[in-house]
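Architecture and fold: a report
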Amino acid sequence: MESTRNIAVILAGGVGTRIGLDTPKQLIKIAGRPIMEHTLAIFDEHPQIDEIVVLMARGHLDRVHEIVRKNGFEKVTTVLEGSGTRNDTTQVALRAIAEKYDEDCNVILHDAVRPLLAPSIINDVVRALETNDAVDVAIPSADTIIEVEPGSGSYPVIKDVPPRANLRRGQTPQAFKLSAIQRAYDFARNDANFEATDDCTVVLRYTPDVPIAVVTGDDSNMKVTEPIDIYIADKLFQLPARNEHAATEEKLKAALTGKTMAVFGGSYGIGADIAALASEYGATVKSFSRSMTKTHINNRDDLVAARDEILRETGRVDFVVNTAGVLPLARLEDTTDETIYEATEINYIGPILLAQTFYPELVKTQGSLLLFTSSSYTRGRGNYSLYSSAKAATVNLTQALADEWANEKVKVNCVNPERTGTPMRTKAFGNEDPDSLLESKTVARASLEVLVANKTGHVIDVRREDPLSAYADHLD
């Protein structure tokens with residue numbers, strides 16, 4: 001017996017008026033890519049999704065076609081223009097699917113501006129559709145919900161306070177058997193006063209005999225609606241666990257076997273651990289550093305020589321990693337010219353020269369460049385002025401290059417590790433409590449996961465624990 005076809009419908013009809021932009025909010029960039037591109041990638045990469053239909057705001061369909069073409073989103077079969085309200089747009093998609101297929105399908109409707117949907121939620125929704133005709137995704141409400149009514153004065157007054165235990169905050173996807181959602185809309189069209197904010201409401205109101213199952217969503221599956229949401233979503237993308245970068249042993253081996261990796265700053269610390277781990281997973285790794293190979297990251301001739309050596313030996317470069325850096329600690333007025341130039345050249349000019357040198361080879365392999373920043377990039381710290389400013393510049397370099405190189409499918413990302421036990425840190429700060437520091441091998445593993453992920457323009461925090469999970473545990 002053949003399984004039911006799972007068709008994702010990405011609803012992208014909004015234009016971002018609340019965010020205050022003329023461009024549709026789904027085309028605003030977060031973490032190096034338009035919001036919609038992140039969302040499409042989730043569904044295109046999901047093994048249980050067979051096909052994707054996109055409903056886009058009028059006048060912006062060409063931009064969707066460009067995103068689909070650039071990323072090779074093969075599951076996107078149809079791009080249609082949205083129509084009026086959210087419900088009107090849904091019905092455009094339903095008609096297109098019904099015209100294409102005679103048999104019943106699973107229709108999975110998702111807001112384009114929810115780019116942090118976990119693939120596990122899609123799994124749960126598809127599973128729920130095996131025994132239900134309608135499925136919603138929702139999370140418990142942490143806030144008390146009040147119902148209000150007009151008061152006698154200028155302010156509304158509380159009418160009721162429903163029990164919070166019974167309340168949920170709805171998200172998407174919302175999913176249906178095609179026949180079930182069509183039937184609900186058939187009844188709705190005969191109602192002159194029809195009005196609904198979402199598709200589950202249509203089913204609940206017009207076909208109350210159809211139970212709507214509820215699967216648990218996730219707090220990070222947020223909808224980008226207000227200006228502050230852009231900032232919050234961008235920060236959520238920095239958490240590897242939230243962005244599901246984690247790769248299995250099998251995936252790492254498959255992605256690295258037979259590939260060539262260049263590691264700069266590879267003589268000790270995080271760089272050495274990345275090189276060792278990548279070798280274990282089957283990559284050919286070439287390590288370079290000042291102490292080991294007399295390679296200076298801030299010298300173009302040294303970088304060209306390193307590149308040519310790799311090409312002579314392997315004929316290709318798939319991954320380039322730079323962990324080289326220096327950490328001068330001093331007040332700026334006490335810093336010598338020699339230290340200023342050395343720190344700036346190694347921490348910032350070096351990554352620029354590295355990117356220029358290896359770009360042509362990464363284009364050939366559609367490879368990845370991985371840079372490193374520091375938590376001090378978010379706010380300059382006293383005695384860190386040279387280091388913090390260079391690391392902030394590295395973040396901007398990462399995001400800019402991700403933009404510039406997107407059409408060539410070269411990925412550029414940046415790892416931001418929490419305080420890590422490395423020789424460079426020990427030299428700067430002396431011996432510290434090891435329980436307060438990340439292990440460099442933990443950072444190395446996370447770095448490989450970022451390298452092989454289909455992501456670009458990301459700044460990924462690597463921490464001892466996910467702060468959102470720690471906060472949730474505290475609430476429990």
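This text goes with the structure placed above it.
Residues numbered from 1 in each chain as written. Predicted model: local features only at pLDDT ≥ 70, side-chain atom pairs only at ≥ 80, totals over all residues. Heavy atoms only, no water.

Description of the pattern of salt bridges
To keep it simple, the criterion reads: Here a salt bridge means any side-chain nitrogen of Lys or Arg lying within 4 Å of a carboxyl oxygen belonging to Asp or Glu. Only protein chains enter the calculation, and the probe is 1.4 Å; a residue is then buried if its accessible area is under 20% of its type maximum, exposed if over 50%, and partly exposed in between.
Applying the stated criterion across every chain yields a total of 24 salt bridges. The shortest N-O distance in the salt bridge between Arg114 and Asp111 comes to 3.1 Å. Side by side, Arg114 and Asp111 carry an identical accessibility label, which is buried. Here Glu361 and Lys364 are joined by a salt bridge, their closest N and O atoms 3.3 Å apart.

Some details on the sheet that holds strand S13 (residues 284–288)
For clarity, the cut-off: Strands pair, by our definition, only if DSSP identifies at least two bridges between them. Strands are runs of DSSP state E lasting at least two residues, helices are runs of H or I lasting at least four, and both sets are numbered from the N terminus onward. Between N-to-C directions, angles cover 0 to 180 degrees, with each direction set by a line fitted to C-alpha atoms, over the stretch in contact for helices. Whether two residues are in contact is decided by their heavy atoms: any pair within 4.5 Å suffices.
Taken in spatial order, the six strands of this open sheet run S13-S12-S14-S15-S16-S19, and their pairing is parallel. Bordering the open sheet on either side are S13 and strand S19 (459–462), each of which pairs with just one other strand. Pairwise comparison of adjacent strand axes, ignoring direction, gives a mean angle of 20° for this sheet. Bridge count between strand S12 (residues 260–264) and strand S14 (residues 319–322): four bridges; the pairing is parallel. For Phe264, the partnering residue across the bridge sits in S14 and is Asn322. Across the sheet, helix H12 (residues 337–365) lies against S12, S14 and strand S15 (368–372), angled at about 175° from S14, the strand it touches most.

Concerning the packing of H12 against helix H13 (residues 385–404)
Heads up, the condition is: Each angle is binned into one of four classes, with values under 35 degrees roughly parallel, values over 145 roughly antiparallel, values of 65 to 115 roughly perpendicular, and all other values oblique. Residues were grouped as follows: Ala, Val, Leu, Ile, Met, Phe, Trp, Tyr, Cys and Pro as nonpolar; Asp, Glu, Lys and Arg as charged; and all remaining residues, including Gly, as polar.
Here H12 crosses H13 at 10°, and the two axes come no closer than 10 Å. Viewed along their axes, H12 and H13 adopt a mutual orientation that is roughly parallel. Two secondary-structure elements touch here, H12 through Thr339, Ile340, Ala343, Thr344, Asn347, Tyr348, Pro351, Ile352 and Ala355 and H13 through Leu386, Tyr387, Ala390, Ala393, Thr394, Leu397 and Leu401. Residues belonging to the contact of H12 with H13 are distributed by class as follows: 12 nonpolar, four polar and no charged.

Notes on the environment of Gln26
Rules: Here a polar contact means two N or O atoms within 3.5 Å. Within protein one must be a hydrogen donor candidate and the other an acceptor candidate, and residues neighboring in sequence count only if both atoms are side-chain atoms.
Topologically, Gln26 is positioned in the loop between strand S1 (6–12) and strand S2 (29–30). By relative accessible area, Gln26 is classed as buried at 1%. Taking the C-alpha atoms as reference points, Gln26 and Pro115, 89 residues apart in sequence, are found 9.2 Å from one another. A distance of 2.4 Å separates a polar atom in the side chain of Gln26 from the backbone oxygen of Ala12.

Looking at a negative patch on the surface
Applied cut-off: Residues forming no salt bridge and having over 30% relative accessible area are the ones grouped into patches, like charges within 9 Å of each other and nonpolar side chains (Val, Leu, Ile, Met, Phe, Trp, Tyr) within 5 Å. Surface accessibility follows the Shrake-Rupley procedure with a 1.4 Å probe radius. Residue values consider only the protein chains on display as shielding. All tallies of charge rest on Lys and Arg as positive and Asp and Glu as negative; His and the ends of each chain are not included. The atoms used to mark charge sites are NZ of Lys, CZ of Arg, CG of Asp and CD of Glu.
Where like charges cluster on the molecular surface, the negative patch consists of Asp102, Glu103, Asp104 and Asp133. Looking at the element boundaries, Asp104 is found in the loop between helix H3 (86–100) and strand S6 (106–111). Residue Asp104 is classed as partly exposed on the basis of its relative accessible area of 35%.

Description of the packing of aromatic side chains
Where two aromatic rings form a pair, the distance of their centres and the angle of their planes describe that pair. Basically, it comes down to this: When the centres of two rings from Phe, Tyr and Trp lie within 6.5 Å, Trp using its six-membered ring, the rings pair. Their planes under 30 degrees apart give stacked, over 60 give edge-to-face, and anything left gives tilted.
The final tally for this structure, using the stated rule, is six aromatic pairs. Ring geometry for Tyr359 against Trp405: centres 4.7 Å apart, planes inclined by 35°, an arrangement best described as tilted. One end of the pair, Tyr359, is in helix H12; the other, Trp405, is in the loop between H13 and strand S16 (411–417), with 46 residues separating them in the sequence. We classify Tyr359 as partly exposed; its relative accessible area is 24%. Among the aromatic side chains, those forming a connected cluster through ring pairs are Tyr185, Phe194 and Tyr206.

Looking at a nonpolar patch on the surface
A cluster of nonpolar residues, Ile146, Val148, Ile158 and Val161, forms a patch on the protein surface that exposes about 340 Å² of accessible area. As for its position among the elements, Ile146 is in the loop between strand S7 (134–140) and strand S8 (147–149). Since its relative accessible area comes to 43%, Ile146 is described here as partly exposed.

So, H13
In an α-helix, one full turn covers 3.6 residues, which means residues spaced three or four apart are oriented alike. Definition in use: A helix is expected to reach a length of 1.5 Å times the quantity of its residues less one.
Between its terminal C-alpha atoms H13 stretches 28 Å, which fits the 28 Å expected from 20 residues at 1.5 Å a residue. Turning to H13, its buried residues number three or more, namely Leu386, Tyr387, Ser388, Ala390, Lys391, Thr394, Val395, Leu397, Thr398, Leu401 and Ala402.

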